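Each chain, written out:
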Amino acid sequence: MSQGVLEQPLAAKASEKKNASSTTQYVYSFGGGTADGNGRMKDVLGGKGAGLAEMTLAGLPVPPGFTIQTEACREYMRGSLNPRIDKEMHAALAKLEALQGQKLGKGENPLLVSVRSGAKFSMPGMMDTILNLGLNDEAVEALAKRSNSPRFAYDSYRRLIQMFGDVVLDVPKKKFEHIFEGIKAKEKVKFDYDLTPNALKKIITEYKKLVKKETGKEFPQNPLDQLVQARDAVFRSWQNERAKTYRRINHIDDWLGTAVNVQAMVFGNLGENSGTGVGFTRNPATGEHVFFGEYLMNAQGEDVVSGVRTPNPISHLEDQMPECFAQLKEITKRMEKHYRDIQDFEFTIQDGKLYMLQTRNGKRTGLAAVRIAIDMVKEGLITKEEAIFRVEPNQLYDFLVPRLVEKGEKIEVLATGLPASPGAAVGQIVFTAEDAVKHHRNGSYKSVILVRGETTPEDIAGMEVASGILTSRGGMTSHAAVVTRGMGKCCVAGAGDCTVDEAKKELRVKGKVYKQGDWISLDGTTGRVIAGKLKTLDAQPDDPDLVKFMSWVDPIRRLQVWANADIPRDAKQAREFGAQGIGLCRTEHMFFAEDRIEHMRHMILANNEKDRRAALKKLLPMQRSDFAGLFKAMESLPVVIRLLDPPLHEFLPKREDLLVQIATLEATKPRSPKLKELRKLLERVEELHEMNPMLGLRGCRLGITFPEITEMQARAIIEAAVAVKAKGGNPHPEIMIPLIGSIEEMRNQTAIVRRIAEEVFSEKKMKVDYKVGTMIEIPRAALTADQIAEEAEFFSFGTNDLTQTTFGISRDDINNFLPAYLKAEIFKHDPFATLDQVGVGQLVKGAVEKGRNTRPNLKVGICGEHGGDPESVKFCHKIGLNYVSCSPFRLLTARLAAAQATLLERGGDVHTGAK
């Protein structure tokens, strides 16, 4: 698994790798009850090759073959293959031919093989497969005569040419499909299996012409040439775009490489007594302990998954071929018991005889993963510690958010953006926060989707009532993404294919125009924007299996998990999801409420301290009430409150909007008294304008420039805490000074907070315990953490801004070049989604060490979006943080990741949980 965001491209890595030693075995045979490898050799043989070896050794009916190990793929990526690979491959082929009594593509009974990929970690559908390899113009006639089924033989040959042409020769698949569908139409047949031998011969002829036209060469007739080219194509498929994307999403090392599995073909398309299927030993969607899968008679494997024919439920096989069904159930039951996990298997029946083609640990939903883990503990197959590794942390989202119902529905994906906040939302679109609030309040729209180019803090009221948010711009840490995650609402951000015209109230995408009131569906877990009105499944946070599973998780972890929450409702939600504190309350969000924004603007517009204090005095009781609500919701748990952080201009209308309003009034109502007010507002907006506001007057700089702001907020916090304590509560406020870069800034703001606290204690004749700390979010703070710890009683790493300032990248603009960086492998991951452990992570690690050198009992946490990312959580555990803080709907994920980190530290295995 990769450690950081930045990764060297493969070419650079390759130069560091040495060629395998002369003793390296490249090719491992299996068959006839013996195998050179075994199930523990996934690093070498890949998951599929290790599984084939293990099944062979267990005496299961596995077609024989050989596996070319992953080191050969790595050599291929370096640019040269050891000559011994070909030598060992030919020897393994000779062994296979002897075992089968056949020759590859030759003689009256030609041997045909499949060539499949197989990496250490399952990557279903990401790499390439070729079936029926060895067929040529002569072998197809021998196969037709031997099988007594010309149709079967020609069908197998046309499949080979199409797969080989697509995978090996880079002939576009759609060109083969055009020929195939054209001849089907001429023959007036609906289904592939209705094509006659003569029709299939025509297809073969046209396919070969297409290959010659596209490549300038004839389709290869030498079976050994086919084998070598197919092997190399599978190696190349490790580097195709879908495989690279899958590895990035699943944190799989690019340098692992894939093995190549060459296996004697068995044919499910030999006739009505033959068939093929795929299945699972348990239901992978629900976890129910039932035999699950599908099959087709007279078909090859691709027919089952391609959708060309409708497969039968695997239970029907019991009626059709009872002996094969009973044998299949018995074998797969043994496999599950042997591997101690749900098995995803493939099988073929040839002339009534069952063959097992592969088994691997099955992919499953989060709901199924938890249920299966619990059931397998009950069955004695695994321990509770192992069960903790059987669920991926992000899979726990399934319990907390609604999901779209897609089965049986025709889905039209309009665009794919960033999965900014998980879940599903279905509703009627609106283009302004005001319209969202209006239609929600009057009930004219049952459910609202707020569609914006990008959201701003002023949209908060509309976001509050919307079921989901769609933006055409912005990234995973944009305003829309951060706020919706905190709210637990679905959000798709940065859907670049969508054009949002807020003036015309139109959404243009895929050549279509959607207007206000039209229905769309959002999948915030995958980032899809879908046409129309789909149904949804409700969240299941109280699921008994989930509650039981988390009762195993929590006692193991050392790292505490806190939540980011700004209002009491979110805090209560966080408590329900297991939060052990509030790690970040953003006070600025409180000021955007309708009853407060005007007071905030009066404070900003004031040109003297007296007027500012008058406006702040009106905000004080509102802030105090907010904080009291948080303290009550969290009871005796700590609540970290960040003082005002964003630039002041964010609380004012946009300059462009003001100019439009002023111009409109000047043209229509030139004597309107509102003109004077708008002009004054515009003047202040222009005064506050900054070239780079994220690095301008914000954070502690606001409190130093306008100390009365810090005074008001500190008083509101301490007064609220005292009031809650007076009523029997036990509040623990922790006041966080933002954007500190020096000890002098920290001293300045800490002095104000402590002075105000003492004033309140004196006035109320009561004290509360409180802490003053800082958010480490700029590199200088990390580098001088030993000095800052002289004043700060805790550190909270704001890794969103720390990533931004370390890389010099705007988190709102990264999507302009992130795809290019990922494709070029400059970045392995989005650095705002997964912490860059090599750069930013070292700043965090160093700051922790420096801070604790000064203050050994320094409490340290993280409150950026990385607090809910599993890889980042494991890093936080490793460097000794006390807690991570994340949005409420990422709490389960963080809790599980923290437990896995503890077990890994103890020596547990990431895949089994065993020591």
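Our structure's up above, just so we're on the same page.
What comes next is a walk through the structure. Quick caveat: nothing in here was measured; it's all calculated off a predicted structure.

## Brief notes about the overall build of the protein chain
(1) Moving on: Summing up its helical and strand segments, the protein chain has 35 helices and 32 strands in all.
(2) Moving on: In terms of overall dimensions, the protein chain is globule-like: its C-alpha atoms have a radius of gyration of 32 Å, near the 29 Å expected for 915 residues.
(3) Moving on: Overall size of the protein chain, expressed as C-alpha extent along the three principal axes, is 100 × 65 × 55 Å.
(4) Moving on: Here the protein chain, with 915 residues, has 58% of them falling under the buried criterion.
(5) Moving on: Excluding contacts between residues fewer than 6 apart, the proportion of contacts in the protein chain whose partners are at least 24 apart in sequence is 70%.

## As for the pattern of salt bridges
Any two side chains of opposite charge can pair, on the condition that their charged atoms come close.
(1) Moving on: The full count for this structure, using the stated rule, is 73 salt bridges.
(2) Moving on: Between Arg-247 and Asp-254 there is a salt bridge whose closest N-O contact spans 2.7 Å.
(3) Moving on: We classify Arg-247 as buried; its relative accessible area is 0%.
(4) Moving on: Taking the relative accessible area as the measure of exposure, Asp-254 reaches 10% and is therefore buried.
(5) Moving on: Taking the shortest distance from any N to any O, the salt bridge between Arg-895 and Asp-554 comes out at 2.5 Å.

## Thoughts on the sheet that holds strand S32 (residues 883-886)
(1) Moving on: Strand order in the closed barrel formed by eight strands is S25-S26-S27-S28-S29-S30-S31-S32, with parallel pairing between adjacent strands. Pairs of neighbouring strands in the sheet enclose a mean axial angle of 25°, with direction left out of account.
(2) Moving on: The sheet contact formed by strand S28 (residues 732-737) and strand S29 (residues 771-776) spans four bridges and is parallel. Opposite Glu-734, over in S29, you have Lys-771 as the bridge partner.

## Description of unusual backbone geometry
(1) Moving on: One non-glycine residue, Asn-132, lies in positive phi territory at about 65°.
(2) Moving on: Within the secondary structure, Asn-132 sits in strand S5 (residues 129-133).
(3) Moving on: Owing to a relative accessible area of 0%, Asn-132 belongs among the buried residues under this scheme.
(4) Moving on: In the Ramachandran plot, Arg-340 falls in the positive-phi region, its phi being about 55° despite a non-glycine side chain.
(5) Moving on: Tracing the chain through its elements places Arg-340 in the loop between helix H13 (322-339) and strand S10 (343-350).
(6) Moving on: For Arg-340, a relative accessible area of 24% gives the class partly exposed.

## A closer look at the environment of Ser-315
(1) Moving on: Following the sequence through the fold, Ser-315 ends up in the loop between strand S9 (312-313) and helix H12 (317-320).
(2) Moving on: According to the relative accessible area criterion, Ser-315 is partly exposed, its value standing at 42%.
(3) Moving on: Along the backbone, Ser-315 and Gly-293 are 22 residues apart, and their C-alpha atoms lie at a distance of 8.0 Å.

## Digging into the pairing of S10
(1) Moving on: S10 sits mainly inside the fold: six of its eight residues count as buried.
(2) Moving on: Pairing geometry for strand S7 (residues 275-280) and S10, over six bridges, is antiparallel. Each bridged residue has a counterpart across the sheet, and for Gly-279 the counterpart in S10 is Phe-345.
(3) Moving on: Of the pairings in the sheet, the one linking S10 to strand S11 (residues 353-361) comprises eight bridges and is antiparallel in character. Its bridge partner lying in S11, Ile-349 is registered against Leu-354.

About the criteria used
- Residues numbered from 1 in each chain as written.
- Predicted model: local features only at pLDDT ≥ 70, side-chain atom pairs only at ≥ 80, totals over all residues.
- Heavy atoms only, no water.
- Helix = DSSP H or I, 4+ residues; strand = E, 2+ residues; numbered from the N terminus.
- Rg over C-alpha atoms; globule rule 2.2 N^0.38 Å.
- Buried < 20%, exposed > 50% of the residue type's maximum accessible area, 1.4 Å probe, protein only.
- Contact = heavy atoms within 4.5 Å.
- Salt bridge = Lys/Arg side-chain N within 4 Å of Asp/Glu carboxyl O.
- Pairing = 2+ DSSP bridges.
- Axes fitted to C-alpha atoms, helices over the stretch in contact; angles between N-to-C directions.

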